[in-house]
Amino acid sequence: MKRELLIFCLAIVFFLPLSAQKRDVRKEISKARSYIKEKNNLEKAETMMRELLKDSSLRDDIKVLSTLASAVRAQYQKANEELYLKQKYDTASFFNLTLNMFLCYEGLDSACMLKAKTKGKVPYRKKNSRFLSKLRINLYNGGVYFLKKRNYEEAYTMMDAYLDCAIQPLFKNLLLGYEDEESTVAIFSTLYSGYRLQRADSALKYRPLQLKKERFKKHALRYLVGIYQMKGDTLNYVSTLMEGFRLDESAPFFVTRIVDYYVMKNSLDSALTIINKALEYAPKNTSFLTVKGNVLLNMGKYPECIAVSDSALRIDPQLPEAELNAGTAYFNEAIILSKEALGNKLLKEKELEDYAQALPYMERYRKKAPEQIEKWGPILYNIYLNLNMGEEFEEISDLLRQENE
């Protein structure tokens with residue numbers, strides 16, 4: 001008898017907390033629903049439900065999740081009314097409240113799906129999806145708002161949430177898709193915001209959709225180039241540059257980067273092919289002409305380099321790199337001749353003539369780019385030396401000495 005009494009007492013001890021906990025949950029839900037009904041203490045009602053959700057056994061409790069969603073919905077409706085009546089309300093808070101509401105209803109729908117595995121139909125889905133679909137535009141508006149504020153973190157979150165609705169089971173029956181104008185802007189916005197945040201994976205989340213709309217295609221390609229460069233993904237970096245070049249063969253952004261890549265890889269014939277193609281569309285583009293001059297210089301085609309550089313300078317006399325290309329070409333010709341000119345008067349005269357031809361280009365380059373002493377300094381030093389320009393030679397010698405101290 002005593003043993004049976006002990007077991008009974010222990011049962012009471014063990015089961016009381018669980019029973020009390022159940023009563024507390026019902027009490028908390030009831031209290032929160034009273035707040036919602038009275039449109040009072042709505043934030044408190046939300047907090048109460050979130051506290052309950054910290055208990056792993058309640059994480060998928062439909063009553064708790066439903067009450068939480070209702071509490072946030074009531075806050076949203078109150079905020080929306082205040083904005084409509086032009087009362088003072090923080091716009092950023094309103095958009096974040098919108099996002100919060102969508103997340104709450106999506107969480108509720110996930111819990112309902114678990115229950116529906118045995119019962120078939122998903123509770124609340126039809127009613128909730130219809131309600132939210134009318135307000136989805138505010139996720140997009142929030143994204144636009146935060147973009148204008150240059151708050152790329154919030155902008156990305158809002159636009160991502162807008163797009164995510166299309167794959168959420170909650171909206172399955174609405175067939176949202178990505179064909180609307182807002183989705184087009186949102187897709188580009190996630191790319192742009194992810195790029196500005198320096199988060200490559202975030203920027204590329206909607207990669208298969210980012211080039212489908214012509215409106216943003218050229219801009220999207222530019223940001224994709226930057227993102228692949230950020231990732232160190234050379235294969236996609238080059239292929240994206242080529243796609244951009246095919247889209248617009250006169251766009252400096254794509255042309256110069258492709259040429260730089262080929263020059264770096266010492267594929268100079270490929271670099272020259274690209275720049276010649278670009279010049280077919282923009283024959284007077286001084287950037288292209290200067291780049292071509294540099295490629296020809298690297299190929300050792302000095303007369304062609306000088307001719308192209310002169311063409312660029314006739315269009316724009318203020319181009320420092322064109323001066324450098326032509327001056328270096330003449331200087332390199334002189335260096336080559338200096339190795340062959342020993343005992344040959346005619347070759348020696350030609351060598352000195354090339355130094356003299358290089359001189360005005362390099363002096364103009366020095367004036368236009370005075371900070372680039374490592375480029376013009378050694379060349380002018382050798383020119384002054386070979387042309388016996390004593391005063392100029394002393395000046396450049398002192399300058400280079402000071403630079404190296």
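Attention in this report is confined to the structure presented alongside it. (Residues numbered from 1 in each chain as written. Predicted model: local features only at pLDDT ≥ 70, side-chain atom pairs only at ≥ 80, totals over all residues. Heavy atoms only, no water.)

**Some details on empty space enclosed by the protein**
Right, so step 1: In total, this model carries one cavity of 30 Å³ or more according to the counting rule given.
Right, so step 2: Quantified by volume, the largest cavity comes out at close to 70 Å³.
Right, so step 3: Around the largest cavity, the lining residues are Thr 184, Ile 187, Phe 188, Leu 191, Leu 209, Gln 210, Lys 213, Phe 216 and Ala 220.
Right, so step 4: Listing elements by their share of the lining of the largest cavity, those giving two or more residues are helix H8 (181-196) and helix H10 (214-231).
Right, so step 5: Of the residues contributing to the lining of the largest cavity, the split by class is six nonpolar, two polar and one charged. (1 Å grid on protein atoms, 1.4 Å probe; cavity = no way out; pocket = protein on both sides within 12 Å on 5 of 7 lines; lining within 4 Å. Points joined across faces, edges and corners; volume = space filled by probe spheres on them. Helix = DSSP H or I, 4+ residues; strand = E, 2+ residues; numbered from the N terminus. Nonpolar A, V, L, I, M, F, W, Y, C, P; charged D, E, K, R; others polar.)

**Section: the packing of aromatic side chains**
Right, so step 1: Summed over the entire model, instances satisfying the criterion amount to 18 aromatic pairs.
Right, so step 2: Each ring, one from Tyr 140 and one from Tyr 162, has its centre 5.8 Å from the other, and the planes form 55°; the classification is tilted. With Tyr 140 in helix H6 (residues 137-148) and Tyr 162 in helix H7 (residues 152-164), this pair connects stretches of sequence that are 22 residues apart.
Right, so step 3: Residue class for Tyr 140 comes out buried when judged on its relative accessible area of 13%.
Right, so step 4: Under the relative-accessibility criterion, Tyr 162 is labelled buried at 4%.
Right, so step 5: Here the aromatic rings of Tyr 145 and Phe 146 are separated by 5.2 Å at their centres, their planes lie at 75°, and the arrangement is edge-to-face.
Right, so step 6: Grouped by ring-pair contacts, the aromatic residues Tyr 152, Phe 188, Tyr 192, Tyr 195, Phe 216 and Tyr 223 constitute a single cluster.
Right, so step 7: When the ring centre of Tyr 162 is taken as origin, the NZ or CZ atom of Arg 136, which lies over that ring, is 3.7 Å away.
Right, so step 8: Positioned over the ring face of Phe 253 is Arg 257, at 3.8 Å from the centre of the ring. (Phe/Tyr/Trp six-rings, centres within 6.5 Å; stacked < 30°, edge-to-face > 60°. Buried < 20%, exposed > 50% of the residue type's maximum accessible area, 1.4 Å probe, protein only. Lys NZ or Arg CZ within 6 Å of the ring centre and 35° of its normal.)

**A word on helix H13 (residues 268-281)**
Right, so step 1: In this model H13 runs 21 Å from its N-terminal to its C-terminal C-alpha over 14 residues, within 8% of the 20 Å that 1.5 Å per residue would give.
Right, so step 2: The inward-facing, buried residues of H13 contact helix H11 (234-247), helix H12 (252-264) and helix H14 (286-299). (Expected span 1.5 Å × (residues − 1). Contact = heavy atoms within 4.5 Å.)

**Details of the side chain of Thr 67**
Right, so step 1: Relative to the helices and strands, Thr 67 resides in helix H3 (residues 62-84).
Right, so step 2: Looking at Thr 67, the relative accessible area reads 2%, which means it is buried.
Right, so step 3: Polar side-chain contacts of Thr 67 include one of 3.1 Å to the side chain of Arg 33.
Right, so step 4: Once residues within four sequence positions are removed from consideration, Thr 67 is found in contact with Ile 29, Ala 32, Arg 33, Ile 36 and Met 49. (Polar contact = N/O pair within 3.5 Å; in protein donor to acceptor, adjacent residues only side chain to side chain.)

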